[in-house]
Amino acid sequence: MTHLKAAFAILVLLILMSAGSALLVRKECTGLLDILSEIKSASDSGEREKAQELCDAAFEIWNKSEKILLCTVSLEKITAAEQIIYRLGPLFREDCDEFEAELAAAELMIRNISDGEIPYLTNIL
């Protein structure tokens, strides 16, 4: 009976750790999505200086979030999102036509990371 209780306790601990990591990933991704939304609205309204500052802030937020995301998210998804986020600032400075597309791609990648990492917990949470 003691082994059964220990196995159950380990199972509960693993479920709690998985749910906690899923919530942490969603929290980090929500912060990134918020700043990407702010970049889009600043860019659309012609506030170039604010948009550039926000691009730099997104880069910094990504660097902080990346350490957490690397623990639970696949490296392929991290690398793809990282490449896009790193390009936002230079594309905006150069006033490239690709900026809007890259911004939309960054948002899609972050949503993919946030929603698709732990599918079996999605129904629980």
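Further up the page is the structure itself.
Below is a summary of the structure that appears in this document. On a predicted model such as this, the values are computed, not experimentally measured, just so you know.

Rules used in this analysis
Residues numbered from 1 in each chain as written. Predicted model: local features only at pLDDT ≥ 70, side-chain atom pairs only at ≥ 80, totals over all residues. Heavy atoms only, no water. Helix = DSSP H or I, 4+ residues; strand = E, 2+ residues; numbered from the N terminus. Rg over C-alpha atoms; globule rule 2.2 N^0.38 Å. Buried < 20%, exposed > 50% of the residue type's maximum accessible area, 1.4 Å probe, protein only. Contact = heavy atoms within 4.5 Å. Areas by Shrake-Rupley, 256 points an atom, 1.4 Å probe, with all protein chains shown as cover. Lys, Arg positive; Asp, Glu negative; His and termini not counted. Charge placed at Lys NZ, Arg CZ, Asp CG, Glu CD. Patch = residues over 30% accessible without salt bridge, like charges linked within 9 Å, V, L, I, M, F, W, Y side chains within 5 Å. Salt bridge = Lys/Arg side-chain N within 4 Å of Asp/Glu carboxyl O. Axes fitted to C-alpha atoms, helices over the stretch in contact; angles between N-to-C directions. Parallel < 35°, antiparallel > 145°, perpendicular 65-115°, else oblique. Left-handed = near helix turned anticlockwise from the far one by under 90°. Nonpolar A, V, L, I, M, F, W, Y, C, P; charged D, E, K, R; others polar. Phe/Tyr/Trp six-rings, centres within 6.5 Å; stacked < 30°, edge-to-face > 60°.

Remarks on the overall build of the protein
Across its full length, the protein holds five helices and zero strands. For the protein, the C-alpha radius of gyration of 18 Å lies well beyond 14 Å, the compact-globule estimate for 125 residues. Viewed in the frame of its principal axes, the protein has a C-alpha envelope of about 70 × 25 × 20 Å. Every one of the 125 residues in the protein was classed for burial, and the buried ones make up 36%. Pairs at least 24 residues apart make up 68% of the contacts formed inside the protein by residues separated by at least 6 positions. Working note: accessible area of the protein is about 7800 Å², and carbon and sulfur atoms make up 61% of it. The positive charge centre, built from 12 side chains, and the negative charge centre, built from 21, are 9 Å apart in the protein.

Focus on the environment of W62
Within the fold, W62 resides in helix α2 (residues 48-69). Look at W62 and you get buried, because its relative accessible area is 0%.

Thoughts on a nonpolar patch on the surface
A surface patch of nonpolar side chains, about 480 Å² in accessible area, is lined by F8, L11, V12, I15 and L16. For F8, the location among the structural elements is in helix α1 (residues 2-44).

Things to note about the pattern of salt bridges
Should their charged atoms come close, side chains of opposite charge can pair. Considering all chains together, one arrives at seven salt bridges under this definition. A salt bridge links D95 to R48; its shortest N-O distance comes to 3.7 Å. Taken together, the positions of D95 in the loop between α3 (75-93) and α4 (98-116) and R48 in helix α2 put the pair 47 residues apart, joining distant regions of the chain. Here D56 ties to R93 by a salt bridge, and the two come within 3.9 Å at their closest N and O atoms. Of this pair, D56 sits in helix α2 while R93 sits in helix α3, placing them 37 residues apart in sequence. Judged by relative accessible area, D56 falls into the partly exposed class, the value being 35%. Ionic contacts of the salt-bridge type, sharing partners, join the residues K40, D44 and E100 into one network.

Comments concerning the packing of α2 against α3
The geometry of α2 relative to α3 is characterised by a closest axis approach of 9 Å and an angle of 160 degrees between their N-to-C directions. If you check the angle between α2 and α3, you find them roughly antiparallel. Pair α2 / α3 crosses with left-handed handedness. Between α2 and α3, the residues in contact are R48, A51, Q52, C55, D56, A58, F59, W62, N63, E66 and L69 and I78, A81, E82, I85, Y86, L88, G89, F92 and R93, respectively. A breakdown of the residues in the contact of α2 with α3 according to their chemical character gives twelve nonpolar, three polar and five charged.

Digging into the packing of aromatic side chains
Counted under the stated rule, the structure contains two aromatic pairs. Here the aromatic rings of F59 and Y86 are separated by 4.7 Å at their centres, their planes lie at 55 degrees, and the arrangement is tilted. Note that F59 is positioned in helix α2 and Y86 in helix α3, a separation of 27 residues in sequence. For F59, a relative accessible area of 35% corresponds to the partly exposed category. The exposure class of Y86 is partly exposed, given its relative accessible area of 31%.

Geometry only, nothing functional implied.
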